[in-house]
Amino acid sequence: MSLKDRIDGVEQRIGEACRRSRRKREDVLLVAVSKKFPLDMIFEARRLGLQDFGENYAQELRDKQKEAGEGAVHWHFIGALQRNKVKYVVGKADLVHAVDNMALVAELDKRAAASGTRVRALVEINGGEQSKNGIRGEYLREFLESASRFQNVSLEGLMIMPPYFEDPEMSRPWFSGLREMRDKIAGEFPGIRELSMGMSNDFEVAVEEGATILRVGSALFGPRPE
Ligand SMILES: *Cc1c(COP(=O)(O)O)cnc(C)c1O
């Protein structure tokens, strides 16, 4: 199957999921996860209409961004970010998807201030016991409260990566849980709007449960090179 066929297929399935759940297509951002794929493929995808690309290795993002040139595409950093890699991402990624500790918020803030920008980011919520990443829902309020003193970091939503399930329906409770978490705190934290959830195997369920950002890799680009 060609890249165009795969992009069209994913688009069609997103469109159908939007119709089923009475949502507008423009309220869902498709981030094409391009990690480990060469820049050529990103450019081809861009010609075919995609604008947002997700990377989860900091140096890879830096290198691709540099080679592609300023403003060529919108980059998203979707992986776990170590503090010593923050410098590769600030000013380069439009959105950092997986912030889960205050030391990272502090470092993002410091680097953003130094380069005169603001970092937009999402808070990663823990997606199950086997995952070491993400904060637990019961600490979210406290986390947002403390993060609010960092003026160069703007937290704009939540992100989750549930365990991998063969059956996409198994992801549904994780996705609805994330939406409920956002809605519960909406009065206190109206800036937390985005829900980054749904990957190749379960993005339609994510749309039905209110995802505003999908992170889809292999369904668009095919199997990832090792
Ligand atoms: C790799 C990755 C994806 C995309 O995975 P696919 O199954 O290829 O769609 C999404 N989110 C994160 C955080 C990833 O690391």
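Up top you'll find the structure we're talking about.
Every residue gets a number counted from 1 within its own chain, in the order that chain's sequence is written. Confidence filtering applies because this is a predicted model: local features only for residues at pLDDT of at least 70, side-chain atom pairs given and counted only at 80 or more, and all residues used for totals across whole chains, interfaces and linings. Side-chain measures here rest on the full set of heavy atoms in the structure, leaving out hydrogens and waters.

(A) Molecular detail of the overall build of the protein chain. Secondary structure assignment for the protein chain yields eight helices and eight strands. Structurally, the protein chain occupies a C-alpha span of about 50 × 40 × 30 Å along its principal axes. Looking at the protein chain as a whole, 50% of its 226 residues are labelled buried. Restricting the contact set of the protein chain to residue pairs at least 6 apart, pairs at least 24 apart contribute 59%. Neither His nor the chain ends is counted toward charge; the positive residues are Lys and Arg and the negative residues Asp and Glu. Here the site of a charge means NZ on Lys, CZ on Arg, CG on Asp, or CD on Glu. Between the mean site of the 35 positive side-chain charges and the mean site of the 36 negative ones, the protein chain shows a separation of 3 Å. The helix count covers DSSP runs of H or I at least four residues long, the strand count covers runs of E at least two residues long, and both are numbered beginning at the N terminus. Three exposure classes are used, based on accessible area relative to the maximum for each residue type with a 1.4 Å probe and protein chains only: buried under 20%, partly exposed in between, and exposed over 50%. Between two residues, a contact is recorded if the distance between any of their heavy atoms is within 4.5 Å.

(B) Layout of the side chain of Lys64. Mapping Lys64 onto the fold places it in helix H3 (residues 58-68). By relative accessible area, Lys64 is classed as buried at 8%. For this analysis, a polar contact is any N or O atom pair within 3.5 Å, provided that within protein one partner can donate a hydrogen and the other can accept it, and provided that sequence-adjacent residues contribute only side-chain to side-chain pairs. Here the side chain of Lys64 touches Phe37 through a polar contact of 2.7 Å, landing on its backbone oxygen. A polar contact is formed between the side chain of Lys64 and the side chain of Glu60, at a distance of 2.8 Å. If we ignore the near neighbours within four places in the chain, the residues touching Lys64 are Ser34, Lys35, Lys36, Phe37, Leu39, Ile42, Glu55 and Trp75.

(C) Geometry of the site of the ligand. Residues are labelled near a given molecule or strand when at least one of their non-hydrogen atoms is within 4 Å of it. Residues in close proximity to the ligand include Val33, Lys35, Asn56, Ile78, Met161, Met199, Ser200, Arg215, Val216, Gly217, Ser218 and Arg224, which together make up its full environment. A distance of 2.5 Å separates an oxygen atom of the ligand from a polar side-chain atom of Ser200. Between the ligand and the protein, one listed contact pairs an oxygen atom with a backbone N or O atom of Ser218 at 2.8 Å. Relative to its free-state accessible area of 390 Å², the ligand is covered by the protein chains to the extent of 91%. Both site types are read off a 1 Å grid over the protein atoms alone. A 1.4 Å probe that fits but cannot get out defines a cavity, while an open set with protein on both sides within 12 Å along at least five of seven lines defines a pocket; lining residues have an atom within 4 Å of a point. Criterion for pocket placement: a molecule counts as inside a cavity or pocket if more than half of its atoms are within 2 Å of its grid points. Taken atom by atom, the bulk of the ligand overlaps the largest pocket. Shrake-Rupley sampling with a 1.4 Å probe provides the accessible areas, and residues are treated as covered by the protein chains on show and by no other component.

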